[in-house]
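Read off the chains here:
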Amino acid sequence: MIVLVLPDGPDPFEIKLESGVSRGEVVEVIEGSTVTFSVETQSHPPPAYTWFLPYDSIPPPTMSSFAIQAVSREHEGTYRCLVSNGATHLLRLGALTVRVLETLTKPHIVPPSLNLVENASSVALTCQTPHEGAGVLCLLRGQALLPSDHLVLSADNRSLVIHGLRRDDTGPYECEVWNWGSRARSEPFRLAMSYGPDRVDITSGSAPGVVGTVEAELNSSLTLRCRAESQPGAEFHWTLEQSTAVHAGQVLIIRALTWEHQGIYGCTASNPLTQLARSASVRVRVVGPQSSLSAGAIGGIAIGILAVIALSAGLGCFLYIRNARRFSREKAEDPIQEAATPTSEEEPHAESCSNWLSPMYANLPKTQGQVGVKKLFNMTMCSFELLWESGGICCHQLPQSSFMRRSHHQ
């Protein structure tokens, strides 16, 4: 038996690349990885392989496969392999284009150059990366950003435009670049936006609630605090009505309250970037010891004062009458004085005293005849005229003119 071996081939073939991803006619590999090229074909006898490389750093291999360690951008290009059969004199040529994808580095967000204020018209953020072929993804608060009329993305996702800034548009924002082999994400970025001040609230001491009126004891300390939501932090100023003094600061402390500290205190919060200002006020009342007395206690004090005045007047009357009795006795013993008679001017006074109620000192002895002794004296509240006539005592209030008319009888 005779066996005939006929030469044939090589058959058509394709160049295969391990560790790569085919993108149509192009295969992508990751920079720094190890890649292996290989060819498989039917041929008898075995063919010869000749590789044509896009670079000249190594001699062309002559095997059906070869590897490149730590592939880099210089390895990009079209690889060709020529397969030949010396027996059949047939040649086959295969080709493969390779693109080396760089190791992705972190992108960064380009911030706006202007100071941002709430309700501004618009602002643009840009994701900057050197990897032009890489995909870009925008994220807001860690989630993929959904485009809207308020948040508008460009076609390549590398630019974001925010229309009508709101307070909740501060972020954080991130952008991510990616390819089939790696991903890289930027550092979180927050918009520095100015807003406020919002409503101004005033609190007193350690109490958290907002106050409109504060009562504090005389000589005690008082602490008032003003607060308002603002970015950047608001500047605070305190004023007191009908006063030109201005106190700067969020906290107003009065160490020892006096009556002059009463009034309405106003706090103004202002933001120099937004050019806005808001105010609030609180009424401060100082409570002293006398303010705690009831109406009955005040009436009792007034009655007590009047009683002291009445006792003082009674004591003065008593001392005067006692001296007057002594004087009348001496006058009765004096014959010259016994002959004296009262003038007609004094009689109306004696008659007016007889119409009074029972005298205060009813046990005084009566004298012979009508001998009148008059004395005028001033007290704090009013003037009194005292008459001692025939043993009777009379006290009554006289107008100021009576003192002027009768002063010559003393």
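Residues numbered from 1 in each chain as written. Predicted model: local features only at pLDDT ≥ 70, side-chain atom pairs only at ≥ 80, totals over all residues. Heavy atoms only, no water.

With an unreviewed UniProt entry as reference, the protein is termed Carcinoembryonic antigen-related cell adhesion molecule 20 isoform X3, source organism Acinonyx jubatus.

### Examining the packing of aromatic side chains
Cut-off, in case you're wondering: Each Phe, Tyr or Trp ring, with Trp reduced to its six-membered ring, pairs with another whose centre is within 6.5 Å; inter-plane angles below 30 degrees give stacked pairs, above 60 give edge-to-face pairs, and intermediate values give tilted ones. Here a strand is any run of E in DSSP of at least two residues, a helix any run of H or I of at least four, and the numbering for each starts at the N terminus. Buried, partly exposed and exposed residues are distinguished by accessible area as a fraction of the type maximum, computed with a 1.4 Å probe on protein chains only: under 20%, between the cut-offs, and over 50%, respectively.
Applying the stated criterion across every chain, the model contains five aromatic pairs. Ring centres 6.5 Å apart and planes at 65° place the aromatic pair Phe 37 and Trp 51 in the edge-to-face group. Linking Phe 37 in strand β4 (residues 35–39) with Trp 51 in strand β5 (residues 48–52), this pair joins segments that are 14 residues apart in sequence. One exposure class covers both Phe 37 and Trp 51, and it is buried. When the centroid spacing of 5.1 Å and the interplanar angle of 15° are considered together, the rings of Phe 37 and Phe 66 count as stacked. Highlighted residues: Phe 37 in strand β4 and Phe 66 in strand β6 (residues 65–68), separated in sequence by 29 residues. There is no split in this pair, since Phe 37 and Phe 66 are both buried. Ring-pair connections join several aromatic residues into one group, and the members of that group are Phe 37, Trp 51, Tyr 55, Phe 66 and Tyr 79.

### Looking at a nonpolar patch on the surface
To keep it simple, the criterion reads: Like charges within 9 Å and nonpolar side chains (Val, Leu, Ile, Met, Phe, Trp, Tyr) within 5 Å are joined into patches, using only residues over 30% in relative accessible area that form no salt bridge. The Shrake-Rupley method, run with a 1.4 Å probe sphere, supplies the accessible areas, and residue values consider only the shown protein chains as cover. Counted as salt bridges are all cases of a side-chain nitrogen of Lys or Arg within 4 Å of a carboxyl oxygen of Asp or Glu.
Taken together, the side chains of Met 1, Val 3 and Val 5 define a hydrophobic patch exposed on the protein surface, amounting to about 430 Å² of accessible area. By the element assignment, Val 3 lies in the segment before β1 (15–18). Overall, the relative accessible area of 63% leaves Val 3 in the exposed class.

### Regarding the pattern of salt bridges
One pass over the structure, following the stated rule, counts 12 salt bridges. Between Glu 102 and Arg 73 there is a salt bridge whose closest N-O contact spans 3.0 Å. Of the two residues, Glu 102 is situated in the loop between β8 (90–101) and β9 (108–110) and Arg 73 in the loop between β6 and β7 (77–85); the sequence distance between them amounts to 29 residues. For Arg 183, the salt bridge is made with Glu 176, and the minimal N-O distance between the two is 2.8 Å. What makes Arg 183 exposed here is its relative accessible area of 55%. One salt-bridge network, in which partners are shared between bridges, spans Arg 23, Glu 28 and Arg 99.

### Describing the environment of Thr 170
Relative to the helices and strands, Thr 170 is located in the loop between β15 (159–163) and β16 (173–178). In sequence terms Thr 170 and Leu 140 are 30 residues apart; their C-alpha atoms lie 9.7 Å from each other.

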